[in-house]
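Summary of structural features
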Amino acid sequence: MLKRISKMTSLLVCAASIISIVPAMAADVKKVDSQDGTVYAAKAKGAGIYIDGEINGKDEAEYFMTPDGKYNSIDGIDAGLAVDDLLLNQYLVMDDNDTVADIKDNYKIVDGKKRSDLQDDVATTLRKKIKNDNDGRFSDSDKQFTTTNKFLDGGSGLSAYTYTLKTPFNIGATSIKTTDTVYVDYAGNYVDADYNLGNMRVGTTTSSSVYIKNTKDTYEIKDNIGTGDHELKAVISNSSYITVSSDVVYRWANLSIFEKDKGADDSTYTNVTDTILFGGKGTLFTSGSGLNKSVAVLQQFTKATATDDIDGIKYPKDSTVYFCAKYDSKSSTNGGVSDKLVLGKSVADASSKTGHTISAAKMTGDATGFVSAALDTSTAGSHKLYAETVKLKSENGFNHLDISDSDSIDVPDNYAIQTGSGTLWGLDSGYVKQWDKSNDNFAKVYKVDGGLNNISVGNKDIMILWNEDDKNYSIINNTSKTGTTASTATTNAGTAATTTAATATAGWVKAADGTWTYNKTDGTKAIGWLKDGTAWYYFKTDGVMSTGWSKDGGNWYYLNASGAMQTGWINDNGTWYYCNASGVMQANTTVDGYVLGASGAWIK
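Calculation criteria
- Residues numbered from 1 in each chain as written.
- Predicted model: local features only at pLDDT ≥ 70, side-chain atom pairs only at ≥ 80, totals over all residues.
- Heavy atoms only, no water.
- Helix = DSSP H or I, 4+ residues; strand = E, 2+ residues; numbered from the N terminus.
- Contact = heavy atoms within 4.5 Å.
- Pairing = 2+ DSSP bridges.
- Buried < 20%, exposed > 50% of the residue type's maximum accessible area, 1.4 Å probe, protein only.
- Patch = residues over 30% accessible without salt bridge, like charges linked within 9 Å, V, L, I, M, F, W, Y side chains within 5 Å.
- Areas by Shrake-Rupley, 256 points an atom, 1.4 Å probe, with all protein chains shown as cover.
- Salt bridge = Lys/Arg side-chain N within 4 Å of Asp/Glu carboxyl O.
- Lys, Arg positive; Asp, Glu negative; His and termini not counted.
- Charge placed at Lys NZ, Arg CZ, Asp CG, Glu CD.
- Polar contact = N/O pair within 3.5 Å; in protein donor to acceptor, adjacent residues only side chain to side chain.
- UniProt positions renumbered as here; feature names shortened; annotations may be inferred.
- Expected span 1.5 Å × (residues − 1).
- Phe/Tyr/Trp six-rings, centres within 6.5 Å; stacked < 30°, edge-to-face > 60°.

Moving on to the overall build of the protein chain. A tally of helices and strands in the protein chain yields two helices and 49 strands. In the protein chain, 49% of the contacts between residues at least 6 apart in sequence involve partners at least 24 apart.

Here is the structure:
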């Protein structure tokens, strides 16, 4: 290994000679050339790629490749460290949780912005907001982090905390529900995820159905055989986070239903989760026993809050609970309901479903559906990746998961489950494959060197593949700001054909003076607001992308150096401002206890 470069530079190496840039919308499998160079560690994260290696004819150094295809060297990261996360699309956190590089400030190693410090920022903001809003929902005791002790989504800083309920739900001496889980982003926007259930239909074999809307109220259910009416109460508890997409959060949770005679004391509640007819259709498999029985559910809820509150605390505007079950309206068995295991829910479920020893399970997705994945690493040289499509369905009042048949591919021994752009990516026999949620199988996307045995995927447009021993690597960069569209392509039939794509008519265009514009599909320049991926950009009347402060419709917005709109607290040359979740700068108000003047600046 060559000696590491120690001098801090801002080495910008044009990536056009290093990277095969591939048109994102082409239908055929594309061939991606490999390059000479030794990559020791790499991780695609956000819109960039971290690389530790000997590339571009240089000694070993650390780089962060930005969307424009240029390499920015980073000084101060010890050899052997790997990237753990990219927090807030700004702080590159290494796996020692102590080394942090600020990719928006010349890639400097910074102090005071370790993961724990960023978590403390969220905790402080949330504590202030809960203290201000709470009107009897939670006790006065302080918050506690969930056991993950790390951001659930690094881009938004989404985190989960537990708060102690002021009025817990107990049955006699047994504690059933004592805390709620609060989800919060870095800007302090929070929701109590354990309250709103949407419209969940339940019933019994001797009664009519009722719709349960939340976990605080009780719901009367009419008995049809004259034994007396009953009251039902629901409890939902956080299990594990799945993903966030377009401001909708998805999680696994455990749901329980309790029943007592109408008007009876709460100590007489019994757990009827194993006998209740969910969706008014049939019973479901329950775990636990006695008062602790529950069913596993997938819950989706919005980060947007309802206009109302629950004892002062904000809760999701919309929420829906889906059951791990199949529904067949033509079947009379158990009301057409049958339990289903989900590959990506847990290692245990995946092992049971595949009959193999599963080492990792994961689920990701978006509004178009989910991909559920499991990795079998039990046999060296024969690792296998399983996947299935999971879609959220509502049929005749029954919300459930529609799960496809599974497919599998062989993957290298170095492979770890790779997700990005709402789907799953694998590396199989010289092909990068994407899970196709429409056809429920793995589809070839790129043809790469068959010796590449490592892959890291940031999203559908950013990924890196490498083989340290063979000293070669490939980078796929389809980001729209590359300004280069050269590629080599291979047809689906496998016949090699070298092509060069024409200049894109739509997407980002960089002018000679360094400014950016965006061509729409009709060839005209974007004017005003444009959403690209998860970020909002603003274009002036001449089509040039704005940075810094911009005024639109009487409101001020702040766009960072890349043009992306910012929210939350913003430090502009030592002066603090606050922009709400819509990006609007706040003025003549108080936020988190800090007074903002007419200019929007914090009055110290």
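Here we come to the sheet that holds strand β35 (residues 454-459). Note: strands within a sheet are paired through backbone hydrogen bonds, in either parallel or antiparallel orientation. The four strands are arranged β2-β37-β36-β35 in an open sheet whose pairing can be described as antiparallel. Strands with a single pairing partner mark the edges of an open sheet, and in this sheet they are β2 (35-36) and β35.

Counting buried positions along strand β29 (residues 398-403) gives five out of six residues, so the element sits mostly inside the fold. Of the pairings in the sheet, the one linking strand β28 (residues 383-395) to β29 comprises six bridges and is antiparallel in character. What sits directly across from E395, in β29, is F398. Between β28 and the antiparallel strand that follows it, β29, lie two residues; N396 among them carries a positive phi value of about 50 degrees.

It is worth spelling out a negative patch on the surface at this point. A cluster of acidic residues, D449, E468, D469 and D470, forms a negative patch at the surface. Tracing the backbone shows D449 in the loop between β34 (441-447) and β35. Residue classification places D449 among the partly exposed residues on the basis of a relative accessible area of 31%.

Counting buried positions along strand β37 (residues 472-477) gives six out of six residues, so the element sits mostly inside the fold. Both faces of β37 are covered, namely the face carrying N472, S474 and I476 and the face carrying Y473, I475 and N477. For β2 and β37, the ladder comprises two bridges, and the chain directions are antiparallel. Residue pairing in the sheet places Q35 in a bridge with Y473 of β37. Examined bridge by bridge, strand β36 (residues 462-467) and β37 share six bridges and lie antiparallel to one another. Each bridged residue has a counterpart across the sheet, and for I464 the counterpart in β37 is I475. Where β36 hands over to β37, the hairpin turn is made up of four residues, of which K471 adopts a positive phi near 55 degrees.

Looking now at the pattern of salt bridges. Here the structure, examined in full by the defined rule, presents 23 salt bridges. Between K216 and D311 there is a salt bridge; the shortest N-O distance is 2.9 Å. One end of the pair, K216, is in the loop between β16 (210-214) and β17 (219-221); the other, D311, is in the loop between β22 (295-302) and β23 (319-323), and 95 residues separate them in sequence. Residue classification places D311 among the partly exposed positions, given a relative accessible area of 26%. Between D366 and K437 there is a salt bridge whose closest N-O contact spans 3.2 Å.

Below, the discussion takes up the environment of V432. Along the chain, V432 falls in strand β33 (residues 431-436). Linking V432 and K444, residues twelve residues apart in sequence, is a C-alpha distance of 6.1 Å.

The next point concerns the environment of Y241. Structurally, Y241 is set in strand β18 (residues 230-245). Leave out the neighbours within four places in its chain, and Y241 touches L152, D153, L158, Y183, V249, Y250 and R251. Here the side chain of Y241 touches V244 through a polar contact of 3.0 Å, landing on its backbone nitrogen.

Turning next to the UniProt feature "repeat: Cell wall-binding" (unreviewed entry) in the protein chain. In the UniProt entry, the feature "repeat: Cell wall-binding" (unreviewed entry) is given for residues 526-545, 546-565 and 566-585. Within residues 526-545, the helical portion is 0% and the strand portion 50%, while the C-alpha atoms at the span's ends are 9 Å from each other.

Here we come to helix α1 (residues 115-133). Taking 1.5 Å per residue as the helical rise, α1 with its 19 residues ought to reach 27 Å, and the 27 Å between its terminal C-alpha atoms agrees with that figure. Along α1, the residues classified as buried are R115, L118, Q119, V122, A123, T125, L126, K129, I130 and D133.

To continue, consider the packing of aromatic side chains. By the definition in use, this model includes 24 aromatic pairs. Taken together, a centroid distance of 4.8 Å and an interplanar angle of 75 degrees make the contact between Y250 and F370 edge-to-face. Of this pair, Y250 sits in strand β19 (residues 248-261) while F370 sits in strand β27 (residues 369-376); the two residues are 120 residues apart in sequence, bridging distant segments of the chain. Accessibility expressed as a relative area gives 4% for Y250, which makes it buried.

What the three strands build is an open sheet, ordered β16-β15-β21; its pairing is antiparallel. Edge positions in the sheet fall to β16 and β21 (277-278), since each of these pairs with one other strand and no more. Of the pairings in the sheet, the one linking strand β15 (residues 196-203) to β16 comprises four bridges and is antiparallel in character. Within the sheet, the bridge partner assigned to M200 lies in β16 and is I212.

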